[in-house]
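# Understanding the architecture of this molecule
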Number of protein chains: 2
Amino acid sequence: MKLKIAVLSGDGIGPEVTQQAIKVLNAIADKYNHTFEYEKAVVGAIAIDETGNPLPDETLKICADSNAILFGAIGDPKYDNNPSAKVRPEQGLLKLRKSLGLFANIRPLNTYDSLIHKSNLKEEVIKGTDFVIYRELTSGIYFGEKKLSEDGTIASDLCTYTAEEIDRISHLAFKAAQVRRKKLTLVDKANVLESSRLWRKRVTEISKEYSDVKLEFLFVDNAAMQIILNPTQFDVILTENMFGDILSDEASVISGSIGLLASASIGKHAAMFEPIHGSYPQAKGKNIANPLAAVLSAAMLLDHFELYDEAENVRSAVEKSIELNISTPDLNSTNHFSTTNVGNFLRDFILDDE
Amino acid sequence: MKLKIAVLSGDGIGPEVTQQAIKVLNAIADKYNHTFEYEKAVVGAIAIDETGNPLPDETLKICADSNAILFGAIGDPKYDNNPSAKVRPEQGLLKLRKSLGLFANIRPLNTYDSLIHKSNLKEEVIKGTDFVIYRELTSGIYFGEKKLSEDGTIASDLCTYTAEEIDRISHLAFKAAQVRRKKLTLVDKANVLESSRLWRKRVTEISKEYSDVKLEFLFVDNAAMQIILNPTQFDVILTENMFGDILSDEASVISGSIGLLASASIGKHAAMFEPIHGSYPQAKGKNIANPLAAVLSAAMLLDHFELYDEAENVRSAVEKSIELNISTPDLNSTNHFSTTNVGNFLRDFILDDE
Ligand SMILES: [Mg+2]
Ligand SMILES: [Mg+2]
């Protein structure tokens, strides 16, 4: 397969970790005879520094011309600590999502046996956790009409969903469930909200096209409990924007290794892959940042193009590195390895495994 | 102090557990020379059976004429399993909240040393957890305008808050913080929502009247993480209706003993106290239901009238019963005690302690 990949490594540790993801992708390309071409573009603070714009047109063009986007991280203290700054690095990411119509945010959650002790939850509760959250990303209350009365005493936000917005992410989520454990849980608040009732109606309708997938419903307040009470019950969770924001952040604590979490944001004609973690500016250039979330995001890229064996190979390499404690200081307090060391190990593991 | 207390014990195990709460309140009245007068009224399924209305006018009148309401539980399988039932027991509770203007829902969360092992979270994470959530209960998106387009393809819900709605619960929450550890965390999503920005503006303004209370802000998605990552950091959490619904249910898993959680719902002229747990119809009449949540709700009633020593006495009795394993089967799998036994122990502990 031939893929054009836009590389937006961004700020802070973004470039270092993204470089390891590319190293791993190149090893996969070698081993499985694919051609991955990369085109670099700036975004975030570095883009403001160079062009005054956190998402220059040139970057947007490169993304639009690519099959996929590898994204690093965004943010720099010099903008965070300046409340009067009109242009902020984060705007680059929001504008990118909007411009490319990335309507589905996908976050896998799973545990690693040798890291399970790091969780705040008990091992017997979380062992075997393996689910993925499909969060609608471009509609709902975050994007609805906002009003403030003239005297400033009444404020409102409108949460709107259309059937089309619900349908497109629902199909993605059902398809994901089909190649997983064939269970989909819609999280809503249909006992109270009209928009939730539309979600429930559409998803019930769409489920008829995926009769091999078992559909369940859960109210959002109960879901917030169940994620802690019994996380292994879930396979695919589908939900609207704000519920997904809250629940995916809550669920990120399960594994105890927030630094390892990957994500994808998918649109009709675009797909972006990025680690959950931030730009971690204190670690920039020190070769200590953990590249695994970036590498696991690259594995999601492979999954997206149905290169399932290749993605699995990357995940095996990551698991092996964790098992052997070939890890950066955040996971390994003694005799730790550098960002580059970990990337090299992953590359070698993939290539030697032939 | 003389108090008129309306007793709405409701359905299922409601009457049994409420009876123990009254037993405990009577012991407190004896010991501290108060006069508590009780007037019983029906609500829920039993009210539908007797009058056809889950909240008869007579009940509402008794509540309005009382200083406080002791509430049991609501719900009966004969209505739950009948989707065509037009009148539902739960409507009684919703109508009661609305009629009495109960705008603040208060949920304390804390751990008990001898039950801490029951939690899904590790002991070292939750030990010492002691916070209370103030949730706005009568406004926000649950009560906002709902719309469905004529063709059924677009649905919306409006989230509105007025300064007055924010102010009244904020004062309650700040006052609670003053007699606790003097820290208040406002949970919102002010980076995205106009209504959240109004919350932040009003709460910041009001905080000037409570200069001894430290005010912090947390976005709701981060709050959902922090409740699991570090629950001991919180003292008073203040938040809007839906965020409070999600976070209070999430937080209910911390202690591992959901059956022990109490709550209060406060209005300008009314105050209602109820256990979190449901009507548990399978246990009805078996004298096995755990009365502690109902008893702890009675302790919140005492707190509400600033009978702090009395409330503390009730809590000590509860702690002692747990410590001595004088508990119903849900907490004590061997040589367990009945609902009545536990109530008698609490009464005797309070009276003997003179
Ligand atoms: Mg978030
Ligand atoms: Mg709830």
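Residues numbered from 1 in each chain as written. Chains lettered and ligands numbered in written order. Predicted model: local features only at pLDDT ≥ 70, side-chain atom pairs only at ≥ 80, totals over all residues. Heavy atoms only, no water.

### Comments concerning the sheet that holds strand E1 (residues 2-10) of chain B
Residues and elements named next belong to chain B. Strand order in the open sheet formed by 10 strands is E2-E1-E3-E12-E11-E4-E5-E10-E8-E9, with mixed pairing between adjacent strands. If you trace the sheet from one side to the other, it starts and ends with strand E2 (35-40) and strand E9 (214-219), each paired once. Neighbouring strand axes in the sheet, compared pairwise and without regard to direction, differ in orientation by 25° on average. In terms of strand pairing, strand E3 (residues 68-73) meets strand E12 (residues 271-275) through two bridges, oriented parallel. Bridged to isoleucine 69 within E12 is methionine 272. With respect to the sheet, helix H1 (residues 14-32) is in contact with E1, E2 and E3, its orientation differing from that of E3 by roughly 145°. Sheet strands in contact with helix H11 (residues 292-304) are E1, E2, E3, strand E4 (104-110), strand E11 (262-266) and E12, and its direction is about 155° off that of E12. (Pairing = 2+ DSSP bridges. Helix = DSSP H or I, 4+ residues; strand = E, 2+ residues; numbered from the N terminus. Axes fitted to C-alpha atoms, helices over the stretch in contact; angles between N-to-C directions. Contact = heavy atoms within 4.5 Å.)

### A word on the sheet that holds strand E6 (residues 146-148) of chain A
Spatial strand order, E6(A)-E7(A)-E7(B)-E6(B): four strands in an open sheet with antiparallel pairing. Every interior strand has two partners, whereas the edge strands, E6 of chain A together with strand E6 (146-148) of chain B, have only one. Averaged over neighbouring strand pairs, the angle between their axes works out to 15° when direction is ignored. Bridge analysis of strand E7 (residues 154-162) of chain A against strand E7 (residues 154-162) of chain B gives nine bridges, and the strand direction is antiparallel. Bridge pairing in E7 of chain B links leucine 158 of chain A to leucine 158 of chain B. Strand contacts of helix H8 (residues 194-207) of chain B: E6 and E7 of chain A together with E7 of chain B, with the helix running at about 155° to E7 of chain A, the strand carrying the most contacts.

### A look at the interface of chain A and chain B
With 47 residues of chain A at the contact, the number on the chain B side is 47 residues. Scanning the region where chain A abuts chain B turns up two salt bridges. In this structure, aspartate 245 of chain A and lysine 189 of chain B form a salt bridge, with 2.8 Å as the shortest nitrogen-oxygen distance. Our count for the chain A to chain B interface comes out at 22 residue pairs in polar contact (both at pLDDT 80 or more). At the level of secondary structure, the elements contributing two or more residues to the side of chain A that touches chain B comprise E6, E7, helix H8 (194-207), helix H9 (220-229) and helix H10 (241-251) of chain A. Tallying contributions element by element places E7 of chain A first for the side of chain A that touches chain B, with nine residues. (Salt bridge = Lys/Arg side-chain N within 4 Å of Asp/Glu carboxyl O. Polar contact = N/O pair within 3.5 Å; in protein donor to acceptor, adjacent residues only side chain to side chain.)

### As for the coordination of the magnesium ion (ligand 2)
At the metal site, the magnesium ion (ligand 2) is ligated by Asp221 of chain A (OD), Asp245 of chain B (OD) and Asp249 of chain B (OD), and these contacts range over 2.1 to 2.4 Å. With a gap of four residues between them, aspartate 245 of chain B and aspartate 249 of chain B both fall in helix H10 (residues 241-251), about one helical turn apart. Of the residues examined, aspartate 245 of chain B reaches a relative accessible area of 5% and is grouped as buried. Its relative accessible area of 10% is what places aspartate 249 of chain B among the buried residues. (Donors = N, O, S within 2.8 Å, 3.2 Å for Na, K, Ca; no water. Buried < 20%, exposed > 50% of the residue type's maximum accessible area, 1.4 Å probe, protein only.)

### Considerations on the relation of the copies chain A and chain B
If you rotate chain A by 180° and push it 0.0 Å along the axis, it lands on chain B with an RMSD of 0.0 Å. The superposition of one copy onto the other is thereby described by a two-fold rotation axis. A shared binding surface is used by both copies, with 100% of the interface residues of chain A retained as interface residues in chain B. (Least-squares fit on C-alpha atoms with pLDDT ≥ 70 in both.)

### Brief notes about the layout of surface pockets
Looking at the second largest pocket, its volume works out to about 1500 Å³. In terms of lining residues, the second largest pocket is bounded by 40 residues, among which Asn191 and Asp221 of chain A together with Glu90, Leu93 and Arg97 of chain B are the most central. Among the secondary structure elements, those contributing two or more residues to the lining of the second largest pocket are H9 of chain A together with E3, helix H5 (89-100), E4, H10 and E12 of chain B. The leading source of residues in the lining of the second largest pocket is H5 of chain B, at six residues. (1 Å grid on protein atoms, 1.4 Å probe; cavity = no way out; pocket = protein on both sides within 12 Å on 5 of 7 lines; lining within 4 Å. Points joined across faces, edges and corners; volume = space filled by probe spheres on them.)

### Examining the domain arrangement of chain A
Residues and elements named next belong to chain A. Taken as a whole, chain A is organised into domain 1 (1-103 + 267-354) and domain 2 (109-258). Computed from C-alpha coordinates alone, the two centres of domain 1 and domain 2 are separated by 25 Å. If you look at the interface, domain 1 gives 11 residues, while domain 2 gives 12 residues. Looking only at domain 1, the three residues that lose the most surface to domain 2 are Phe103, Ile322 and Leu331, adding up to 52% of its buried area. Applying the counting rule to domain 1 against domain 2 returns zero salt bridges. At the surface where domain 1 touches domain 2, the tally comes to two residue pairs in polar contact (both at pLDDT 80 or more). Listing elements by their share of the side of domain 1 that touches domain 2, those giving two or more residues are helix H5 (89-99) and helix H12 (308-323). Partitioned by chemical class, the residues of the side of domain 1 that touches domain 2 number six nonpolar, no polar and five charged. (Domains from an automatic or database assignment. Buried area = accessible area lost by both parts, 1.4 Å probe. Nonpolar A, V, L, I, M, F, W, Y, C, P; charged D, E, K, R; others polar.)

### Considering the packing of helix H11 (residues 292-304) of chain A against H12 of chain A
Residue and element names in this part refer to chain A. The contact between H11 and H12 brings their axes to 7 Å, and the two run at 160°. Relative to H12, the element H11 lies roughly antiparallel. Crossing geometry of H11 relative to H12 is assigned as left-handed. Residues Leu292, Val295, Leu296, Ala299, Met300, Leu302 and Asp303 of H11 pack against Tyr308, Glu310, Ala311, Val314, Arg315, Val318, Ser321 and Ile322 of H12. (Parallel < 35°, antiparallel > 145°, perpendicular 65-115°, else oblique. Left-handed = near helix turned anticlockwise from the far one by under 90°.)

### Comments concerning unusual backbone geometry
In this structure, tyrosine 280 of chain A is a non-glycine residue whose phi angle is positive, near 40°. Inspection of the secondary structure assignment puts tyrosine 280 of chain A in the loop between strand E12 (271-275) and H11. Its identity is not glycine, yet glutamate 306 of chain B carries a phi of approximately 60°, on the positive side. Tracing the chain through its elements places glutamate 306 of chain B in the loop between H11 and helix H12 (308-323).

### Description of the coordination of the magnesium ion (ligand 1)
Surrounding the magnesium ion (ligand 1) are the protein donor atoms Asp245 of chain A (OD), Asp249 of chain A (OD) and Asp221 of chain B (OD), at 2.1 to 2.3 Å. Here aspartate 221 of chain B lies in helix H9 (residues 220-229) and aspartate 245 of chain A lies in helix H10, a pairing that spans two chains. For the residue pair aspartate 245 of chain A and aspartate 221 of chain B, the accessibility class agrees, reading buried in each case.

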